[in-house]
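Structure assessment
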Amino acid sequence: MGSTSGHPNGGLGRRDLIKRSAALGLVTLPATGFLSACAGGGGGAGGPKVEKGEVTKANPLGVNETAALEVVIFDGGFGQQYAIDAEKKYNAAFPEAPEVTHRATQKIQSELQPRFNGGTPPDLIDNSGAEQMDMGVLVGKKQLADLTPLLDAPSIDDPGRKVRDTLRPGIVEMGQFDGAPVWILYYAYTVYGVWYSRTALDRLDAQYPETWDEMLALCEKAKRQGIAGWTYAGKHPYYLPFSLYPFIAKIGGREVLESIDNLEPNAWKHPAVKAAFEAYYELQRKGYVLRGTPGLDHIQSQTAWTKGRALFIPNGSWVENEAAGTMPKDFDLTVSAPSGLDASDRMPFGTLWASGGEPFIVPAKARNVEGGMEQLRIMLGEESSRNFTRQVKSLTAFDGGTDGIGLTPGLRSGVAALERAGENVVNPRLQDWYVKLQKEQIGVAGLGEMMAGRLTPTEAVSRIQGFADRAAQDPSVRKYKHR
Amino acid sequence: MQHGKYRFIAGFLAAPLGLYALFVVWPFVQSIYYSFTDWTGLSPDFSVVGLDNYARLWDDDVFWTSLRHSLLFALLLPVLTIGLALFFAFMINVGGRPRRGAAVSGVRGSSFYKVAYFFPQVLSIAIVALLFQFAYNPESGAINSGLRAIGLGGVQPLWLGDPDLALWCVMAVLVWSTVGFFVVLFSAGMASIPRDFYEAALLDGAGRITTFFRITLPLLRDTIQSGWVYMGILALGAESFAVVQIMTTGPGGPDYSTTVLVLYVYQSAFRDGAAAYATTIGVALLVVTLAFAAVVMRLGRRERLEY
């Protein structure tokens, strides 16, 4: 064998050199190198803004008719076709402009963060999905354009009405963060709640239970037939709040949720929270939750549910599109507001969480800010909105546009649930104000542990209160309040 | 002709050194600088905040948890992987029964094993992680289904959903996917150990175990040491990130049971909009990695062996 160990002369051996440089290189790459590489631009001026076009009746935002437009869409549960269709309308409205540059991705943050940082963001972004950019940080760092001109522009269908007046209630407020400017336009309108198959309930000869006693009785009945009552996205337990938060509001009134959102001291110690936690914990304790659920992700749990192994799942209205592949034809998908606890509840049955989804933003440093807003104006028109609803079975922020299209079962039940809820729609804001607190701390480390049976409700409450207190005291987290 | 020699050497060194400084040294300097700022990563404006990020790091429970997990990875994974790989490589190359014509040979079918062990190496770690994620599915995954099939329906662990098991599940995947590389590496090392050593040992009546500990292991020492450092860095860096990010709850859970430093860097930078804090964690990771490499190098120091 030849000498493998380099040179006897004591110098730095070839292998040592390779080892050391390999060590350095390997650390650099994943850990720090790529991060700082993207800060390199410093205050990169970005591309110059395009000049504003002439404001006319047909062009109320003053879009430059020859400027390029770049749109980035989150390619998730809703796909991208609806956006492509709306971009065609933009092309038709501004024939002199180059074709709209369209890109769909699931990696919103990894693709766009460097561009924000370098000052060259695209003109319109659907900032959604697991890699959503933190909106609080974007607003705090003045990276977003104020969409007020868009809201005050006439709607594309009716020059007599402002865009703002065509939107569903709550959409404008959701786009604000302390103060008048509107930074975000939520395009989809999501109904959250307890989703089930009406066929499955029929087979059990049951109605959707309106009180918790009825819920437990139904779960017991299902259990005897080998069907679990509930399943949920065990690996993403922040789906549980979709039915748990309105349940809390129903028991204790909407002020409970507002004080939670406001990070008030002891907000989680309200008796309504404890009561709701105990009710859910009982599902676990009595074996009404599908076995193995804490190890399932959202798709796996939805599949178990569409296959009829569990009756109920907390989810949002995107589930109809997302689970379409495994959902049997006669599933008769239905959403219901959460069951209440008992007759002493403060809010009536029907209290529902519904709010904007798919947040669209126009970056402040975009080259064609007016173009980005105009594209949104087109999307908020009746025709595009209807197209979205037809394609992806979800409502949009545009109030209406569901007449005359054959509504799918889930969508129809969503509309009915909204009608039934009337004024009793709640809109907890933790998930857009404090992403980490909601998803990782309350969701995974609190609710997830409790529903896996590893924390009692009392322990879960005090743990979650601890997380909320820490967030409230953390100066690096920007705070928001309900007004 | 001595004059101009240094200029000549410097001329050759300038370009590579410049590249090295630009692409290796400079990012380090930058990262360390950013760890003293409040940069968000979403905007180019930031200001210097001194040691704030380090103070925050000190009080951050999640940081300490992920540090503990990363250290566990760095210490345990090399032991497991290299131990297994050594065993496999020895069996493939010299562990077989003596056969006619060859004093030293591997077990029957060794060339097949070599390919089989190396096979996971061909798959990207992301695919491996996805495959095992399905296997670990407690409801319909291969492992629990297998348990049911052999009549162990009562034993249905949650695997990745159980904070006591999740970390070990992740480690097992990493061992599975990297052991093949080291089998090949050590096979190459063993192939270059002179055959007469083994023949002599055989004539002296040494068994397999003695041969391994008296001949193979000492002569492979350098290779093992390199492998050790390599595996440790892999365990601290990219590979552990990929499996934890793809496979586990949250990710990093349940209940922070699998968070590792690299994942925490990623989450701080790309979820929480706290890029400066992420570089601070990155600096901590750098220190850990360098310390690991230094310790292994120091422990492995000894007289050079010539043969």
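Residues numbered from 1 in each chain as written. Chains lettered and ligands numbered in written order. Predicted model: local features only at pLDDT ≥ 70, side-chain atom pairs only at ≥ 80, totals over all residues. Heavy atoms only, no water.

So, about the overall build of chain A. Counting its regular elements, chain A contains 19 helices and 10 strands. Across its three principal axes, chain A shows a C-alpha extent of roughly 80 × 75 × 45 Å. Across the 483 residues in chain A, those meeting the buried criterion constitute 58%. Partitioning the contacts of chain A with sequence separation of at least 6, the portion at a separation of at least 24 is 75%. As displayed, chain A offers around 18800 Å² of accessible surface, 51% of which is attributable to carbon and sulfur atoms. (Helix = DSSP H or I, 4+ residues; strand = E, 2+ residues; numbered from the N terminus. Buried < 20%, exposed > 50% of the residue type's maximum accessible area, 1.4 Å probe, protein only. Contact = heavy atoms within 4.5 Å. Areas by Shrake-Rupley, 256 points an atom, 1.4 Å probe, with all protein chains shown as cover.)

When helices and strands are tallied, chain B shows 13 helices and 0 strands. If you list the helices and strands of chain B from N to C, you get α-α-α-α-α-α-α-α-α-α-α-α-α. Principal-axis analysis of the C-alpha atoms places the extent of chain B at approximately 85 × 75 × 30 Å. Going through the 307 residues of chain B one by one, you find that 51% of them count as buried. For chain B, the computed accessible surface area is about 14800 Å², with 69% contributed by carbon and sulfur atoms. Charge centroids of chain B, computed over 19 positive and 18 negative side chains, lie 17 Å from each other. (Lys, Arg positive; Asp, Glu negative; His and termini not counted. Charge placed at Lys NZ, Arg CZ, Asp CG, Glu CD.)

Turning to the UniProt feature "transmembrane region" (unreviewed entry) in chain B, a few remarks are in order. Residue and element names in this part refer to chain B. The positions that UniProt labels "transmembrane region" (unreviewed entry) are, in the present scheme, residues 12-36, 71-94, 115-136, 165-186, 228-247 and 274-297. Here residues 115-136 runs as 91% helix and 0% strand, with 25 Å between its end C-alpha atoms. A helix fraction of 95% and a strand fraction of 0% characterise residues 228-247, whose end C-alpha atoms lie 25 Å from each other. (UniProt positions renumbered as here; feature names shortened; annotations may be inferred.)

One recurring pattern in soluble globular proteins is that nonpolar side chains are buried together. Residues Trp230, Ile248, Trp268, Phe277 and Phe312 of chain A together with Phe186 of chain B are the most contacted members of the largest nonpolar core, which totals 221 residues. Among the elements that take part in this core, helix 3 (residues 61-93) of chain B stands out by supplying 14 residues, more than any other. Every residue in contact with phenylalanine 277 of chain A, bar those within four places of it in the chain, is listed here: Leu244, Ile248, Trp268, Leu447, Met450, Pro457, Ala460, Val461 and Ile464 of chain A. With 5 residues, the next largest nonpolar core counts Ala228, Leu290, Leu296 and Ala310 of chain A among its residues. (Core = buried A, V, L, I, M, F, W, Y, C linked by side-chain atoms within 4.5 Å.)

On to the layout of surface pockets. In this structure, the second largest pocket encloses a volume near 1400 Å³. In terms of lining residues, the second largest pocket is bounded by 45 residues, among which Lys436, Asp474, Ser476 and Val477 of chain A together with Arg56 of chain B are the most central. Taken together, the elements giving at least two residues each to the lining of the second largest pocket come down to helix 4 (135-140), helix 18 (435-451) and helix 19 (457-473) of chain A together with helix 2 (52-58), helix 3, helix 12 (261-270) and helix 13 (275-299) of chain B. The element contributing the most residues to the lining of the second largest pocket is helix 19 of chain A, with 5 residues. When its residues are assigned to classes, the lining of the second largest pocket shows 18 nonpolar, 11 polar and 16 charged. (1 Å grid on protein atoms, 1.4 Å probe; cavity = no way out; pocket = protein on both sides within 12 Å on 5 of 7 lines; lining within 4 Å. Points joined across faces, edges and corners; volume = space filled by probe spheres on them. Nonpolar A, V, L, I, M, F, W, Y, C, P; charged D, E, K, R; others polar.)

For the rest of this paragraph, the subject is unusual backbone geometry. Residue and element names in this part refer to chain A. If you check the backbone angles, aspartate 205 has positive phi at about 60 degrees while not being a glycine. Judged by its relative accessible area of 67%, aspartate 205 falls in the exposed class. One non-glycine residue, asparagine 266, lies in the positive phi region at around 60 degrees. Assignment of secondary structure puts asparagine 266 in the loop between helix 10 (254-261) and helix 11 (271-285). Using a relative accessible area of 46% as the deciding quantity, one classes asparagine 266 as partly exposed.

Another aspect to go through is the packing of aromatic side chains. Applying the stated criterion across every chain yields a total of 56 aromatic pairs over all chains. Residues tyrosine 192 of chain A and phenylalanine 242 of chain A carry aromatic rings whose centres are separated by 4.6 Å and whose planes lie at 35 degrees to one another, so their mutual orientation is tilted. On the criterion of sequence distance, the pair formed by tyrosine 192 of chain A in strand 4 (residues 185-197) and phenylalanine 242 of chain A in helix 9 (residues 241-252) is long-range, its members being 50 residues apart. Both residues of the pair, tyrosine 192 of chain A and phenylalanine 242 of chain A, count as buried. Each ring, one from phenylalanine 182 of chain B and one from phenylalanine 186 of chain B, has its centre 6.1 Å from the other, and the planes form 40 degrees; the classification is tilted. You can see phenylalanine 182 of chain B and its partner phenylalanine 186 of chain B sitting in helix 7 (residues 166-191), 4 residues apart, about one turn around the helix. Put simply, the rings of Tyr192, Tyr238, Tyr239, Phe242, Tyr245, Trp268, Phe277, Trp318 and Trp353 of chain A touch in pairs and so form one group of aromatic residues. Just above the ring of tyrosine 277 of chain B sits the side chain of arginine 56 of chain B; from NZ or CZ to the centre is 3.9 Å. (Phe/Tyr/Trp six-rings, centres within 6.5 Å; stacked < 30°, edge-to-face > 60°. Lys NZ or Arg CZ within 6 Å of the ring centre and 35° of its normal.)

This paragraph deals with the environment of tyrosine 245 of chain A. Residues and elements named next belong to chain A. Here tyrosine 245 shows up in helix 9. Sequence spacing of tyrosine 245 and valine 273 is 28 residues, and the spatial spacing of their C-alpha atoms is 8.7 Å. The residues contacting tyrosine 245, other than those within four sequence positions of it, are Leu257, Trp268, Trp353, Pro428, Leu430, Gln438 and Ile442.

The next point concerns the confidence of the model for chain A. Low-pLDDT stretches of the model should not have their predicted coordinates read in fine detail. On average, residues of chain A score 87 in pLDDT, and 90% of them reach the 70 mark or higher. For residues 1-46 of chain A, every residue scores under 50 in pLDDT, and the model assigns this stretch 73 contacts once sequence neighbours within four places are set aside. (pLDDT = per-residue confidence, 0-100.)

Attention shifts here to the packing of helix 9 of chain A against helix 10 of chain A. Residues and elements named next belong to chain A. Two elements in contact, helix 9 and helix 10, have axes whose closest approach is 6 Å; the angle formed by their N-to-C orientations is 125 degrees. Accordingly, the angle class assigned to the pair helix 9 and helix 10 is oblique. The residues of helix 10 that touch helix 9, namely those facing Tyr245, Ile248, Ala249 and Gly252, are Arg254, Glu255, Val256 and Leu257. In terms of residue class, the contact of helix 9 with helix 10 is made up of 5 nonpolar, 1 polar and 2 charged. (Axes fitted to C-alpha atoms, helices over the stretch in contact; angles between N-to-C directions. Parallel < 35°, antiparallel > 145°, perpendicular 65-115°, else oblique.)

Mapped onto the elements, lysine 57 of chain A comes out in the loop between helix 1 (14-37) and strand 1 (70-74). The spatial distance from the C-alpha of lysine 57 of chain A to the C-alpha of proline 154 of chain A is 9.0 Å, given a sequence separation of 97 residues.

All names here are of chain A. Relative to strand 2 (residues 101-105), strand 1 runs parallel, the two being bridged by 5 bridges. Pairing of glutamate 70 across the sheet is with threonine 101, part of strand 2. A crossover connection joins strand 1 to the parallel strand 2 through helix 2 (residues 81-93); in handedness this β-α-β unit is right-handed. (Pairing = 2+ DSSP bridges. Right-handed = clockwise from strand over helix to strand, strands pointing away.)

With that out of the way, let us pick up a nonpolar patch on the surface. Residues Leu19, Tyr20, Leu22, Phe23, Val25, Trp26 and Val29 of chain B make up a contiguous nonpolar surface patch of about 680 Å² in total accessible area. With respect to the helices, strands and loops of the structure, leucine 22 of chain B is situated in helix 1 (residues 5-34). (Patch = residues over 30% accessible without salt bridge, like charges linked within 9 Å, V, L, I, M, F, W, Y side chains within 5 Å. Salt bridge = Lys/Arg side-chain N within 4 Å of Asp/Glu carboxyl O.)

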